[in-house]
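Now for the letters of each chain:
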Amino acid sequence: MADTTPAARTEQPGGAIHNDVKEYYGKILQKTSDLKSNACVPSAKPIPAYIRKALEDVHPDVTAKYYGCGLVVPECVEGCRLLDLGCGSGRDCYMLSRLVGRSGHITGVDMTEDQLETARKYVEYHMQRFGYKKPNVNFVQGFIESLREAGLEEKSYDIVISNCVVNLSPDKASVLREAYHVLKDGGELYFSDVYSNARISESLRANKVLWGECLSGAMWWEDLVRLAEEVGFSTPRLVTASVISIGNEELERLLGEYRFVSATYRLFKLPKCSEKKSCLVMYDGNITGSEEKFEFDAQYTFKVNEVIEVDGDVANTLKNSRFSEEFTFHSQTSGACATKPKVMPVDPFQLTELLGSAGVVPSSGGCCGAQESCCK
């Protein structure tokens, strides 16, 4: 049966979990095929051509040790400073290194020495391949629950990303809190992870294999909403969701009635006193990869030159983030003929049921064109 009591901050001493994860990802897993379930297998959804090109340029040794569960490519990243939590071998860092361009920068942080050894080995290889005279990527050893202790400065990043790593942390609240502190005002936490349909029992959380496979450490999705509010983030916006099939009879037997999804959420660090008032917006079509439409989340898709009515939370986000210059804003009394967005569930399990077992086509977004930067 599912555990419905409030989750403790740490399921077991943090050091023990960290050591288990280090061993699992540094020693036991040597390549993607060593995984015992499908939880950390990347989505088979189509990838936009420009992202696919960036991924093709990543060294095969780096890709071989990739264990992400989604496609974490936020839109409008040209010139931005990004931080990748739990960067592992650096696949996403190198892919985004190309997308942010020479004026942007990527920092990857991970606690596993073996993974970082692989990531650091290929810095020069990728810089030469991308044609950069100096590196725009660096890797830091540290815990995602203690970013400032790892030397990362407060309010120094435009975007924080994470790909199937938060579930491995024994202290999710600290991960969100640290991400909030290192983000600039208006910054975004954009991350893909594994979520459960209920809180996982203590007995399953103690299973090292289930934890390493990104399953027993998965958050109940409702806890994410609660933690985000406690930390100070905006209400999480669900971007994508897809059903996870375990693909291992022994693990399925242990997990019983628990169900899991891979879901991508975006959380913003917005001014506390900013106005949350609905308004009309029109997307200008200047984001690379989203020239015709911009899929902000599962509810809002902005088509070029189409006026859409947005709720107060989304209006506040668009006005106070890197997307502010990508939209034209109108008041509700402007007389413009506006389209109302479709109503979509915030529960990722409901979303996957609504759209079918194949899940949601990823909203992979893109970066700004070469002539201007989204991050000033």
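Nothing here was measured: the structure is a model prediction, and the numbers come from that model. (Residues numbered from 1 in each chain as written. Predicted model: local features only at pLDDT ≥ 70, side-chain atom pairs only at ≥ 80, totals over all residues. Heavy atoms only, no water.)

Q: I keep staring at the overall build of the protein chain and nothing clicks. Help me out?
A: Helix and strand content of the protein chain: 13 helices and 13 strands. Counting the 376 residues in the protein chain, one finds 57% classified as buried. Residue pairs in contact within the protein chain that sit at least 24 positions apart in sequence constitute 81% of those at least 6 positions apart. With an accessible surface of roughly 16,000 Å², the protein chain has 50% of that area assigned to carbon and sulfur atoms. (Helix = DSSP H or I, 4+ residues; strand = E, 2+ residues; numbered from the N terminus. Buried < 20%, exposed > 50% of the residue type's maximum accessible area, 1.4 Å probe, protein only. Contact = heavy atoms within 4.5 Å. Areas by Shrake-Rupley, 256 points an atom, 1.4 Å probe, with all protein chains shown as cover.)

Q: Sorry if this is basic, but what is going on with helix 4 (residues 91-100) here?
A: In an α-helix, one turn spans 3.6 residues; hence positions three or four apart end up facing the same way. For helix 4, the buried fraction is high: nine of the ten residues fall into the buried class. Among the residues of helix 4, Arg91, Asp92, Cys93, Tyr94, Met95, Leu96, Ser97, Leu99 and Val100 are the ones counted as buried. Once helix 4 finishes, Gly101 follows within two positions and takes phi at roughly 80°, a positive value.

Q: Quick question: what am I supposed to make of unusual backbone geometry here?
A: A negative phi angle characterises most non-glycine residues, just as the trans form characterises most peptide bonds. In the Ramachandran plot, Lys155 falls in the positive-phi region, its phi being about 55° despite a non-glycine side chain. Positionally, Lys155 belongs in the loop between strand 3 (137-141) and strand 4 (157-163). One non-glycine residue with positive phi stands out, namely Asn305, at about 65°. Along the polypeptide, Asn305 turns up in the loop between strand 11 (301-303) and strand 12 (307-310).

Q: Is there a simple way to think about the sheet that holds strand 9 (residues 279-283) in this case?
A: Each strand in a sheet pairs with its neighbour through backbone hydrogen bonds, running either in the same direction (parallel) or in the opposite one (antiparallel). Read from one edge of the open sheet, three strands run 12-9-13, paired in antiparallel fashion. Strands at the two margins of the open sheet, each flanked by one partner only, are strand 12 and strand 13 (327-330). Direction aside, the axes of adjacent strands within the sheet are offset by 35° on average. As defined by bridge partners, strand 9 adjoins strand 13 across four bridges and the pair is classed as antiparallel. Looking at the pairing, Leu280 lines up with His330 of strand 13. (Pairing = 2+ DSSP bridges. Axes fitted to C-alpha atoms, helices over the stretch in contact; angles between N-to-C directions.)

Q: Is there a simple way to think about the packing of aromatic side chains in this case?
A: Aromatic ring pairs are defined here through the distance separating the ring centres and the angle between the ring planes. Counted by the stated rule, this structure contains 18 aromatic pairs. Consider the rings of Tyr283 and Phe327, whose centres lie 5.6 Å apart with planes at 45°: the pair is tilted. Within this pair, whereas Tyr283 is found in strand 9, its partner Phe327 is found in strand 13, the two being separated by 44 residues in sequence. With respect to burial, Tyr283 and Phe327 carry one shared label: buried. Of the aromatic side chains, those joined through ring pairs into one cluster are Phe268, Tyr283, Phe294, Phe296, Tyr300, Phe302, Phe323, Phe327 and Phe329. Above the plane of the ring of Tyr66 lies Arg91, whose end atom (NZ or CZ) is 3.6 Å from the centre. Here Lys269 stacks its cationic end above the ring of Tyr180, 4.8 Å away from the centre of that ring. (Phe/Tyr/Trp six-rings, centres within 6.5 Å; stacked < 30°, edge-to-face > 60°. Lys NZ or Arg CZ within 6 Å of the ring centre and 35° of its normal.)

Q: Explain the packing of helix 4 against helix 6 (residues 123-130) to me, please; I cannot follow it from the model alone.
A: To describe two helices that pack against each other, one gives the angle between their axes and the distance between the axes. The interhelical angle for the contact between helix 4 and helix 6, taken along N-to-C directions, is 30°, at an axis separation of 11 Å. As the angle between them shows, helix 4 and helix 6 are arranged roughly parallel. When the axes of helix 4 and helix 6 are compared, the crossing they make is right-handed. In contact with Tyr94, Ser97 and Arg98 of helix 4, helix 6 contributes Val123, His126, Met127, Arg129 and Phe130. Grouping the constituent residues of the contact of helix 4 with helix 6 by class yields four nonpolar, two polar and two charged. (Parallel < 35°, antiparallel > 145°, perpendicular 65-115°, else oblique. Left-handed = near helix turned anticlockwise from the far one by under 90°. Nonpolar A, V, L, I, M, F, W, Y, C, P; charged D, E, K, R; others polar.)

Q: What is the right way to look at the environment of Met111 in this model?
A: Summarising the element assignment, Met111 is placed in the loop between strand 2 (105-110) and helix 5 (113-121). Sequence-wise, Met111 and Gln141 are 30 residues apart; in three dimensions their C-alpha atoms are separated by 5.3 Å.

Q: Teacher, can you tell me more about the nonpolar core here?
A: Most often, soluble globular proteins keep nonpolar side chains buried together rather than apart. Counting 38 residues, the largest nonpolar core has Leu83, Leu189, Tyr195, Phe233 and Tyr265 as its most contacted members. For this core, the secondary-structure elements that each account for two or more residues are strand 1 (81-85), strand 4, helix 7 (172-182), strand 5 (183-196), helix 10 (221-231), strand 7 (237-243), strand 8 (260-268) and helix 13 (348-355). Considering each element in turn, this core owes the most residues, six residues, to helix 7. Excluding anything up to four places from it in sequence, Tyr195 contacts Ala218, Met219, Trp221, Leu224, Arg259, Phe260, Val261, Ala263, Tyr265 and Phe349. Membership of the second largest hydrophobic core comes to 33 residues, among which are Ile106, Tyr122, Met127 and Ile159. (Core = buried A, V, L, I, M, F, W, Y, C linked by side-chain atoms within 4.5 Å.)

Q: What is the right way to look at the confidence of the model for the protein chain in this model?
A: Should pLDDT be low for a region, the predicted coordinates there are not to be read in detail. On average, residues of the protein chain score 84 in pLDDT, and 81% of them are at 70 or above. Per-residue pLDDT, averaged within each element of the protein chain, yields its smallest value for helix 1 (residues 14-28) (52) and its largest for strand 1 (98). The model gives residues 1-13 a pLDDT under 50, and that stretch makes 29 contacts with residues more than four places away or in other chains. A low-confidence stretch, residues 357-372 stays under pLDDT 50, and its non-local contacts, those more than four residues away or across chains, total 65 contacts. (pLDDT = per-residue confidence, 0-100.)

Q: Would you mind showing me how to read the pattern of salt bridges here?
A: Any two side chains of opposite charge can pair, on the condition that their charged atoms come close. As enumerated under the stated definition, the model contains 18 salt bridges in all. Measuring nitrogen to oxygen at the nearest pair gives 2.6 Å for the salt bridge that ties Glu188 to Arg266. In this pair, Glu188 sits in strand 5 while Arg266 sits in strand 8, placing the two residues 78 residues apart along the sequence. Across the salt bridge formed by Asp311 and Arg237, the nearest N and O atoms sit 3.9 Å from each other. Linking Asp311 in the loop between strand 12 and helix 12 (312-319) with Arg237 in strand 7, this pair joins segments that are 74 residues apart in sequence. Each of Lys53, Asp57, Arg98 and Arg129 takes part in one network of salt bridges that share partners. (Salt bridge = Lys/Arg side-chain N within 4 Å of Asp/Glu carboxyl O.)

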